[in-house]
Amino acid sequence: MFKKVPGTKDILPEQIHIWQEIEAKGRDIFTAYNYKEIRPPLLEDALLFNRSLGESAEIVQKQMFLVHSGSDVYALRPEATASIVRSYIENSLDKLSPFFKAYYIGPMFRLERPQKGRLRQFHHLGCEVIGSYDPRADVEVISLADSLLKAFSIDGYTIKLNSLGCAGDKLALTDFLRKELSGKAEALCEDCQARYSRNILRILDCKNPACQEIVHGLSISDNHLCDGCKNHFAKVKDGLNALAVKYELSSYLVRGLDYYTRTVFEFTHPDLGRQQDALGAGGRYDNLVSQLGGPDTGAIGFAFGMERLLLATTLKPEARNRKFTFLISLGEKARKEGLILLHNLRKAGISCDTDYEDKSLKGSMRKANDLGARFVLILGDNELEKNTVMLKDLVSGEQKEVPREQLLSELQDPVSRPGLETGS
Ligand code: AMP
């Protein structure tokens, strides 16, 4: 028997409701902020990620799923920002509108050690704003992420906020860390010892307690920021304060990718556990668009991990599909006529079904209940003769015989019926 690949999950029909609810709420909020959906391919030139995330990023070093095709090397996308920037440049989207806002929902792939909240195929729900250096774009994006979490009924999260500064400021911070950590490298965890030469900033947000103790002993503040970046960050904080979006400043938040500059942020949740406490994260990437061959323009975005949103949400998927109708056909003739009836109801947009198991009336009623039907239609010889159908409302318990030509209007207008809006 075949098993699913480690680190992947089946999202089964009985689990899909909560996914669809999160996606629908996400789409509504993105639309309210005037973001349109973009769907780049899952496969990209592997070099796109090397160039944008940086050769030293852990994703590039260890986590890319590579596909070889002749001399070409593709990667299953580990994240979507680089793909979206590639698409923005390749399709000259800046010519359509210099200010580009898009959201995406879809699977990402990283070759990680699978554990709770850490998969090899997982899903991102995120967005990108390309075409502005304005701190109001940062405020919009962070408050949009905050609105999403509220709409998903997630409480108790923390927004961590920092500014890495521009490329020059990042170099200043790198130099500072090299000096400060030069005698302490051996006390760092194995990963951080490698990060010391490859990607020293990443040591700052290592979760290992020994590394944390060392970096928390360094006095890192905003000293490395130039005046322009300090000013930008002050405006971001002002804007968030004006919108009453609560955040915690964290000088240790750096994010692992080369492309981040200035504002970076992370949404953490205590219920996710210490190692995987991030619901999502994002930041500015003001140099990436030009680095990949596009115009010189600012950009910012974020991504939430959908599996982690599902771990943290208190949303309860609706138990019953309140408009679903189940048909019970009794007898050979009714079974044939029932197929035509279902066909016509479906053509009219009524969600309905039957089964082909020829159960007793009692067994079929139980099945209708199990499926969460609102209505049951019973079609037997008696009804066939009179060209009617028995309509039973499982919420009110009401049962009546309805002429076939009236059935559609009875089913199409269930909203006026009591019980529909209760959702239980
Ligand atoms: P990142 O691009 O690493 O900042 O990822 C953004 C969000 O995606 C994280 O905060 C997590 O919620 C989620 N995420 C990242 N990697 C994984 C993974 N391997 N499995 C599940 N969720 C992930």
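Anything mentioned here points back to the structure above.
Every value quoted in this text rests on a predicted model; they were computed, and no experiment measured them.

Which parts of the structure should I look at to understand the overall build of the protein?
When helices and strands are tallied, the protein shows 16 helices and 16 strands. Relative to the globule expectation of 22 Å for 424 residues, the C-alpha radius of gyration of the protein, 28 Å, shows a markedly less compact shape. Taken along the three principal axes of its C-alpha coordinates, the protein extends 90 × 50 × 40 Å. For the protein, with 424 residues in total, the buried portion stands at 50%. Counting contacts in the protein only where the partners sit at least 6 residues apart, residues at least 24 apart contribute 70% of the total.

Explanation requested: unusual backbone geometry in the structure shown.
What you tend to see is this: most non-glycine residues have negative phi, and most peptide bonds are trans. For Arg 262, which is not glycine, the phi dihedral falls at a positive 50°. Position of Arg 262 relative to the elements: it lies in strand E9 (residues 261-268). One non-glycine residue, Asp 358, adopts positive backbone phi at about 50°. By the secondary structure assignment, Asp 358 is in the loop between strand E13 (352-353) and helix H14 (361-370).

Would you mind going over the sheet that holds strand E4 (residues 72-76) with me for this structure?
Strand pairing in a sheet relies on backbone hydrogen bonds, with the paired strands running either antiparallel or parallel. On the basis of which strands lie adjacent, the open sheet formed by three strands has the order E2-E4-E3 and antiparallel pairing. The open sheet has two edge strands with one neighbour each: strand E2 (43-45) and strand E3 (65-69). Taking each pair of neighbouring strands and ignoring which way they run, the sheet shows an average axis angle of 40°. Bridging between E2 and E4 involves three bridges; their strand directions are antiparallel. Across the sheet, residue Glu 44 finds its bridge partner in E4, namely Ala 75. Against the sheet, helix H2 (residues 46-53) touches E2, E3 and E4, its axis set at about 70° to E2.

Whenever I open this one, the site of the ligand confuses me. Can you help?
Inspection of the region around the ligand gives 14 residues, with Arg 110, Glu 112, Leu 119, His 124 and Arg 255 positioned closest. Within the side chain of Glu 112, one N or O atom sits 2.6 Å away from a nitrogen atom of the ligand. In this structure, His 124 approaches the ligand through a side-chain N or O atom, which is 2.8 Å from an oxygen atom. Under a 2 Å grid-point criterion requiring more than half of the atoms, the pocket assigned to the ligand is the largest pocket. Looking at the shell around the ligand, the elements with two or more residues in it are strand E6 (121-130), strand E10 (278-284) and strand E11 (299-305). If one sorts the elements of the shell around the ligand by residue count, E10 sits on top with three residues.

When you look at the side chain of Thr 263 in this model, what are you seeing that I'm missing?
Tracing the backbone shows Thr 263 in strand E9. A relative accessible area of 0% places Thr 263 in the buried class. Only 2.7 Å separates the side chain of Thr 263 from the side chain of Asp 138, close enough to count as a polar contact. Non-local contacts of Thr 263, meaning those with residues more than four positions away in its chain, are made with Asp 138, Ile 142, Leu 161, Asn 162, Ser 163, His 232, Val 236, Gly 283 and Arg 284.

Help me out: how do you make sense of the environment of Glu 55 in this one?
Take Glu 55: it is sitting in the loop between H2 and helix H3 (58-62). In the structure, Glu 55 is positioned 144 residues away from Asn 199 in sequence and 9.6 Å away in space, judged by C-alpha atoms.

Explain the environment of Leu 391 here, please?
Along the polypeptide, Leu 391 turns up in strand E15 (residues 388-393). For Leu 391, a relative accessible area of 3% gives the class buried. Sequence separation between Leu 391 and Leu 327 is 64 residues, and the spatial gap between their C-alpha atoms is 9.4 Å.

Scoring rules and cut-offs
Each chain has its residues counted from 1, running along the sequence as written. For a predicted model such as this one, the threshold for reporting local features is a pLDDT of at least 70, and the threshold for listing and counting side-chain atom pairs is 80 or more; totals across whole chains, interfaces and linings nevertheless cover every residue. Hydrogens are left out, water is left out, and the side-chain values use all remaining heavy atoms of the structure. Each helix corresponds to a stretch of at least 4 residues labelled H or I by DSSP, and each strand to a stretch of at least 2 residues labelled E; elements are numbered beginning at the N terminus. Atoms considered for the radius of gyration are the C-alpha atoms alone. The globule rule reads 2.2 Å times the number of residues to the power 0.38. Buried residues are those whose accessible area, probed at 1.4 Å on protein chains only, stays under 20% of the maximum for their type, while exposed residues exceed 50% and partly exposed ones sit between those limits. We call two residues in contact whenever any of their non-hydrogen atoms come within 4.5 Å of each other. Pairs of strands are assigned from DSSP output, requiring at least two bridges between the strands. Angles here are taken between N-to-C directions and fall from 0 to 180 degrees, while the axes themselves are lines fitted to C-alpha atoms, restricted in helices to the stretch in contact. Distances are taken per atom, and a residue is near a molecule or strand as soon as one of its heavy atoms is within 4 Å of it. Contacts described as polar in this section are N or O atom pairs within 3.5 Å, which, within protein, must combine one atom able to donate a hydrogen with one able to accept it, while residues neighboring in sequence count only if both atoms come from side chains. Computed over the protein atoms alone on a 1 Å grid, cavities are sets of points where a 1.4 Å probe fits but cannot get out and pockets are open sets with protein on both sides within 12 Å along at least five of seven lines; a residue lines them when it has an atom within 4 Å of a point. To qualify as sitting in a cavity or pocket, a molecule needs more than half of its atoms within 2 Å of the grid points.

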